[in-house]
Amino acid sequence: MKTALWWIRRDLRLADNPTLSTALARAERVLPVFVLDPAVWPLPEVGEKRRAFFLGGLQELETALRARGSYLVVREGEPLSALSALVRESGAEMIFAEADGTPYGRARDAQVAASLPLSLLEGAGIRAPGTVLRKDGGPYTVYTPFKHAWRSLSLPLREELLPAPERISTPAGIASTPLPVPPTLPGAVLFPPGEVEARRRLEAFVAKGIARYAETRDRMDLSGTSELSPYLCFGMLSARQAAVAALEAREGPDAREGAQVWLDELIWREFYLHILYHFPDVVWESFREPLREIPWDNDTRAFAAWQEGLTGYPVVDAAMRQLRAMGWMHNRARMIVASFLTKDLLIDWRWGERYFMQQLMDGDLASNNGGWQWAAGTGTDAAPYFRIFNPVLQGEKFDPEGAYVRRWVGELARVPDRYLQRPWTMPEEVQQEAGCVLGKDYPAPIVDHAWARERTLAAYRQAKTGQEKKESAYEDVGS
């Protein structure tokens, strides 16, 4: 064919991009297109930091396209209408796009495909949904057997990675709406957008961090993770590029364990992509039916204190303040604050999930939903509902010297180590010396953890009992 559209969504890269490579192989000329969809961009779920990061990535991509003799066309409006107009203007015979497994993405793409020649290619993950199945043909709902099945399939190799094109022939003269100017990111946001930065970080992590990843990945006070999640979220780095790097590092003598653990974390990302595809209702409700009727407390004042990092539990407050400042949070911290919200405050996991999507630069629907349901004990492969993180012990274990808390909760900077994770135990004279008077400089705990634990266990048991009675009633009617 002469002309095709490359409809860019969340694949902001030129290297190892199956959609772009297929378009270039099939068409003489390829027109890169991005549609500002009003069903997505005005939503409060698209927070300022994520919007800035994404738009910055689009700007970087446009620069890379121009260096190859191409350019980016931006249109604003409902996708079917915008793409129909571009097909007419460019004479395009096919639209190539990366498959989107979210409920909205699938509905949008079905609408477009009903009227226009749309070809969808996999690229968000490494293995497409439907390719990792149980022997009976059903999807896995537990991570460990999914991981084993995933590993049993052929693994990606360096030579399979698709190179970035040197030139892209693009039809000239197609009008474009100016790309919105990205909001200015605060200085605390340490994630420069773009494919070049993504690959630099991957290389640096493999060279310096992956060998110790298994030891340091849970330490919130250390830079022990790859910090690549924003780049994977928007396809500035492909999941396959990351997996290949992990597999190659695993062959070395020093990084074998760390590389394997990191690869397993990438497989967690794959698992949640597959769960969302096979069970789209997880977007709206708990996967585990017996826990869909938990009597949540949903105290709005407690929720606000959690959002603002004013719960009185230092590690929780440090994490929430990091989120507000950086648009990112350490994964261990995510688990701690999610457990605290759902099981200490007994607030619906969907409230936390929605807030994270507003704040996170790496706000990925599949991973965010999966993580929140795991912490709440309501999802696939979830932590048992009776597993409730103790925020004090979590802080002592994963921030043992208090550097993380002191960085983000300045009021506690001078508090002695022995009181740092439990400042309410400080004698009054120590509070005065540390310049941290409870109730004045820093809040007392908004809830007693021991009491909250018992309340949560009772609420979850009530939900399970109610569901069992409902099922028993249905069985009686059926008989």
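Residues numbered from 1 in each chain as written. Predicted model: local features only at pLDDT ≥ 70, side-chain atom pairs only at ≥ 80, totals over all residues. Heavy atoms only, no water.

## Examining the pairing of strand 5 (residues 118–121)
How we decide: A pair of strands is labelled paired if DSSP reports no fewer than 2 bridges between them. Here a helix means four or more residues in a row that DSSP labels H or I, a strand means two or more in a row labelled E, and each is numbered from the N terminus.
With 4 bridges connecting them, strand 4 (residues 94–98) and strand 5 associate as parallel partners. Opposite Glu98, over in strand 5, you have Leu121 as the bridge partner.

## Focus on the side chain of Arg334
The following threshold applies: Categorising residues by exposure relies on relative accessible area from a 1.4 Å probe, with only protein chains included: less than 20% of the type maximum marks a residue as buried, more than 50% marks it as exposed, and the intermediate range marks it as partly exposed. The contact criterion used is simple: two residues touch if any of their non-hydrogen atoms lie within 4.5 Å.
Residue position: Arg334 is located in helix 13 (residues 331–344). Assessed through its relative accessible area of 16%, Arg334 is described here as buried. If we skip the residues at most four places from it in the chain, Arg334 touches Ser229, Trp328, Met329, Phe356, Leu360 and Asp362.

## With respect to the sheet that holds strand 3 (residues 73–76)
Stated precisely, the cut-off is as follows: To define axes, lines are fitted to C-alpha atoms, for helices over the stretch in contact only, and angles between the resulting N-to-C directions are given on a 0 to 180 degree scale.
What the 5 strands build is an open sheet, ordered 3-2-1-4-5; its pairing is parallel. Unpaired on one side and paired on the other, strand 3 and strand 5 mark the two borders of the sheet. Neighbour-to-neighbour, the strand axes of this sheet turn through a mean angle of 30°, independent of strand direction. Those strands touched by helix 3 (residues 79–90) are strand 1 (3–8), strand 2 (29–36), strand 3 and strand 4, and its axis lies near 155° from that of strand 2. The strands touched by helix 4 (residues 103–113) within the sheet are strand 1 and strand 5, with strand 5 carrying the most contacts at an inclination of about 145°.

## Here we look at the pattern of salt bridges
Convention followed: The rule for a salt bridge is simple: a side-chain nitrogen of Lys or Arg has to be within 4 Å of a carboxyl oxygen of Asp or Glu.
In this structure the tally under the stated criterion is 25 salt bridges. A salt bridge links Arg240 to Asp16, with the shortest nitrogen-to-oxygen separation between them at 2.5 Å. Remark: Asp16 occurs in the loop between strand 1 and helix 1 (18–26) and Arg240 occurs in helix 9 (residues 239–250); sequence separation between them is 224 residues. Taking the relative accessible area as the measure of exposure, Asp16 reaches 2% and is therefore buried. Overlapping salt bridges, with partners in common, bring together Arg9, Asp100, Arg108 and Asp109 in one network.

## Observations concerning the packing of helix 11 (residues 300–308) against helix 12 (residues 314–326)
Angle between the axes and distance between the axes: these two values describe a pair of packed helices. Here is the rule: For classification, angles of less than 35 degrees are called roughly parallel, those exceeding 145 degrees roughly antiparallel, those between 65 and 115 degrees roughly perpendicular, and all remaining angles oblique. Under the scheme applied, nonpolar residues are Ala, Val, Leu, Ile, Met, Phe, Trp, Tyr, Cys and Pro; charged residues are Asp, Glu, Lys and Arg; polar residues are all the others, including Gly.
Taken N-terminus to C-terminus, the directions of helix 11 and helix 12 make an angle of 70°; their axes are 7 Å apart at the nearest point. It follows from the interaxial angle that helix 11 and helix 12 lie roughly perpendicular. Across the interface between the two elements, Trp306, Gln307 and Glu308 of helix 11 pack against Val316, Met320, Arg321 and Arg324 of helix 12. Taken together, the residues of the contact of helix 11 with helix 12 sort by class into 3 nonpolar, 1 polar and 3 charged.

## What to know about unusual backbone geometry
Even without being a glycine, Glu227 presents a positive backbone phi close to 55°. Of note, Glu227 is situated in the loop between helix 7 (213–216) and helix 8 (229–233). Judged by its relative accessible area of 24%, Glu227 falls in the partly exposed class. At Leu346, a residue that is not glycine, the phi angle is positive and equals roughly 55°. Looking at the secondary structure, you find Leu346 in the loop between helix 13 and helix 14 (349–359).

## Details of the nonpolar core
Defined as follows: Throughout, nonpolar core names a set of buried Ala, Val, Leu, Ile, Met, Phe, Trp, Tyr and Cys residues whose side chains join them through atoms within 4.5 Å.
Counting residues in each nonpolar core, the largest one holds 126 residues, and the members touching the most others are Trp262, Trp306, Val316, Met329 and Phe356. When residues in this core are grouped by element, the largest group, 11 residues, is from helix 10 (residues 256–278).

## Concerning the environment of Ser90
As a reminder of what qualifies: Here a polar contact is taken to be a pair of N or O atoms separated by no more than 3.5 Å, where protein atoms must pair a possible hydrogen donor with a possible acceptor and residues adjacent in sequence count only if both atoms sit in side chains.
Mapped onto the fold, Ser90 is located in helix 3. Taking C-alpha positions, Ser90 is 9.8 Å from Thr170, a pair spaced 80 residues apart along the chain. Polar contacts involving the side chain of Ser90 include one to the main-chain amide nitrogen of Ala92, which spans 3.2 Å.

## Describing the confidence of the model for the protein
Applicable threshold: The pLDDT value tells you how sure the predictor is about a given residue, anywhere from 0 up to 100.
Chain-level pLDDT for the protein is 94 on average; 96% of the residues reach the 70-or-more range. For residues 471–479, every residue scores under 50 in pLDDT, and the model assigns this stretch 0 contacts once sequence neighbours within four places are set aside.

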